[in-house]
Amino acid sequence: LFDPHDAYTPPAGFAERADGNLYGGEIAFADEQMGLVLDAIKKQGKLDETLVVMTADHGESLGEHGEDTHAIFIYDATTHVPLVFSHPNLQQDFALSSPVSSVDIAPTILGLLGLPKPDIMDGLSLAPIIINVNGPALDAERVIYSESMFGYYNLGWAELRGVRDHAWRYIQAPQPELYDLTADPQEIQNLWQPDGSRPVFFRQQLNQFLQNGEQNNQSTKVSDMDPDERAKLEALGYVSFAFDE
């Protein structure tokens, strides 16, 4: 579902459900549409056979850090989104306390289907964790990656890359940033110190992500894809292959 998304223009009646808030109205509209899909599956008697995965590709800053919508910054306002797996065979009323990433979704679905994850695929399968109450625990110190290239490609600004764990976020920028997410969840007080132990650790973690990304890029070229697959991706509107010709 594309909504909720800027510009906020919910269908008639939905903004009123959110006390006149247009963004909330679009959320209400998307919620109803998802309900229609689930109701249709239920009427077919297949809801218990269906794995439902709900997430978002980004959030909205709504004014935090001076950003009205999304795309420029990589604070929690836009990178912290829901991720819900629902199926009768999964643990019920179970939530992970450590951060996971959108790149974990595909490996998790494969794991739940009993299929292997391709070596080239990023991410971690959460299947053993969300199936079995006595299964393995997610590494509490796991570090995940985020980036924004919008400012770099569209505004001539610096690219933004960052990593975070359950308690800290590091952003590599012309003025580096480090936030204690427990004490400062709005990421307002920059605690960056060049020689501190945490900055050194997170820089190392970020460099590892970037090195792994370069290796994967060297082994996979868009130009080698099947033309039909390329056309389908390009039709989504977010993919351009001009750089790879």
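Anything mentioned here points back to the structure above.
Rules behind the numbers
- Residues numbered from 1 in each chain as written.
- Predicted model: local features only at pLDDT ≥ 70, side-chain atom pairs only at ≥ 80, totals over all residues.
- Heavy atoms only, no water.
- Pairing = 2+ DSSP bridges.
- Helix = DSSP H or I, 4+ residues; strand = E, 2+ residues; numbered from the N terminus.
- Axes fitted to C-alpha atoms, helices over the stretch in contact; angles between N-to-C directions.
- Salt bridge = Lys/Arg side-chain N within 4 Å of Asp/Glu carboxyl O.
- Buried < 20%, exposed > 50% of the residue type's maximum accessible area, 1.4 Å probe, protein only.
- 1 Å grid on protein atoms, 1.4 Å probe; cavity = no way out; pocket = protein on both sides within 12 Å on 5 of 7 lines; lining within 4 Å.
- Points joined across faces, edges and corners; volume = space filled by probe spheres on them.
- Nonpolar A, V, L, I, M, F, W, Y, C, P; charged D, E, K, R; others polar.
- Contact = heavy atoms within 4.5 Å.
- Phe/Tyr/Trp six-rings, centres within 6.5 Å; stacked < 30°, edge-to-face > 60°.
- Expected span 1.5 Å × (residues − 1).
- Polar contact = N/O pair within 3.5 Å; in protein donor to acceptor, adjacent residues only side chain to side chain.
- Core = buried A, V, L, I, M, F, W, Y, C linked by side-chain atoms within 4.5 Å.

Caption draft 1: Structural view of the sheet that holds strand E6 (residues 177–180). As summarised here, the arrangement of the four strands in space is E3-E4-E5-E6, forming an open sheet in which the pairing is antiparallel. Sheet topology places strand E3 (144–148) and E6 at the edges, where each strand pairs with a single neighbour. Going across the sheet, the axis of each strand differs from the next one's by a mean of 15°, ignoring polarity. Where strand E4 (residues 160–164) lies against strand E5 (residues 168–172), four bridges are found, and the strand directions are antiparallel. Bridge assignment links Val163 to a residue of E5, and that residue is Tyr170.

Caption draft 2: Representation of the pattern of salt bridges in the model. Under the counting rule described, the total for this entry stands at seven salt bridges. Among the salt bridges present, the one from Asp76 reaches Arg169, with a minimum N-O distance of 2.4 Å. With Asp76 in helix H3 (residues 76–79) and Arg169 in strand E5, the pair connects residues that are 93 residues apart, well separated along the chain. The exposure classification of Asp76 matches that of Arg169, with both residues buried. The closest approach of N and O atoms between Glu159 and Arg161, which form a salt bridge, is 3.0 Å. Owing to a relative accessible area of 17%, Arg161 belongs among the buried residues under this scheme.

Caption draft 3: Layout of the layout of surface pockets. Roughly 160 Å³ of internal volume is contained in the second largest pocket. Lining the second largest pocket are Glu49, Leu51, His87, Asn89, Leu90, Leu112, Leu113 and Ile131. For the lining of the second largest pocket, a count of residues per class yields five nonpolar, two polar and one charged.

Caption draft 4: Molecular detail of helix H4 (residues 105–112). Of all the residues in H4, the buried ones are Ile105, Pro107, Thr108 and Leu110. At its buried positions, H4 is contacted by strand E1 (52–55), strand E2 (83–86) and helix H5 (127–131).

Caption draft 5: Summary view of the packing of aromatic side chains. Counted according to the given criterion, the structure contains eight aromatic pairs. Between Tyr8 and Tyr23, the aromatic rings sit 5.2 Å apart at their centres with planes inclined by 55°, giving tilted as the arrangement. With Tyr8 in the segment before helix H1 (14–17) and Tyr23 in helix H2 (residues 22–43), this residue pair connects regions lying 15 residues apart in the sequence. Since its relative accessible area comes to 19%, Tyr8 is described here as buried. Centroid distance Phe73 to Tyr75: 5.6 Å. Interplanar angle 55°. Geometry classified as tilted. Owing to a relative accessible area of 10%, Tyr75 belongs among the buried residues under this scheme. Connected via pairs of aromatic rings, a cluster forms that spans Phe73, Tyr75 and Tyr179.

Caption draft 6: Looking closely at H2. In this model H2 runs 32 Å from its N-terminal to its C-terminal C-alpha over 22 residues, within 8% of the 32 Å that 1.5 Å per residue would give. The set of residues buried in H2 consists of Tyr23, Gly24, Gly25, Glu26, Ala28 and Ala30. Buried residues in H2 make contact with H1. The distance from a side-chain oxygen at the start of H2 to the backbone nitrogen of Tyr23 is 3.0 Å, and the residue carrying that oxygen is Asn21.

Caption draft 7: Region of interest: the environment of Pro4. Take Pro4: it is sitting in the segment before H1. On the basis of relative accessibility, which here comes to 28%, the residue Pro4 falls in the partly exposed class. In this structure the C-alpha to C-alpha distance between Pro4 and Arg230, which are 226 residues apart in sequence, comes to 27 Å. The residues contacting Pro4, other than those within four sequence positions of it, are Tyr23, Glu26, Ile27 and Ala30.

Caption draft 8: The arrangement of the environment of Leu96 in detail. In this fold, Leu96 is placed in the loop between E2 and H4. It is 9.0 Å that separates the C-alpha atoms of Leu96 and Ile129, two residues lying 33 residues apart in sequence. Discounting residues that sit within four places of it in the chain, Leu96 has contacts with Leu126, Ile129 and Leu138.

Caption draft 9: Just the nonpolar core, in detail. Within the largest apolar cluster, nine residues are counted, these being Val143, Val163, Ala167, Trp168, Tyr170, Leu178, Trp192, Phe202 and Leu206. Contributing elements (two or more residues each) for this core: E5 and helix H7 (197–219). Residues Ile74, Tyr75, Tyr179 and Leu181 belong to the second largest nonpolar core, which totals seven residues.

The quantities given are spatial measurements derived from coordinates; they are silent on function.
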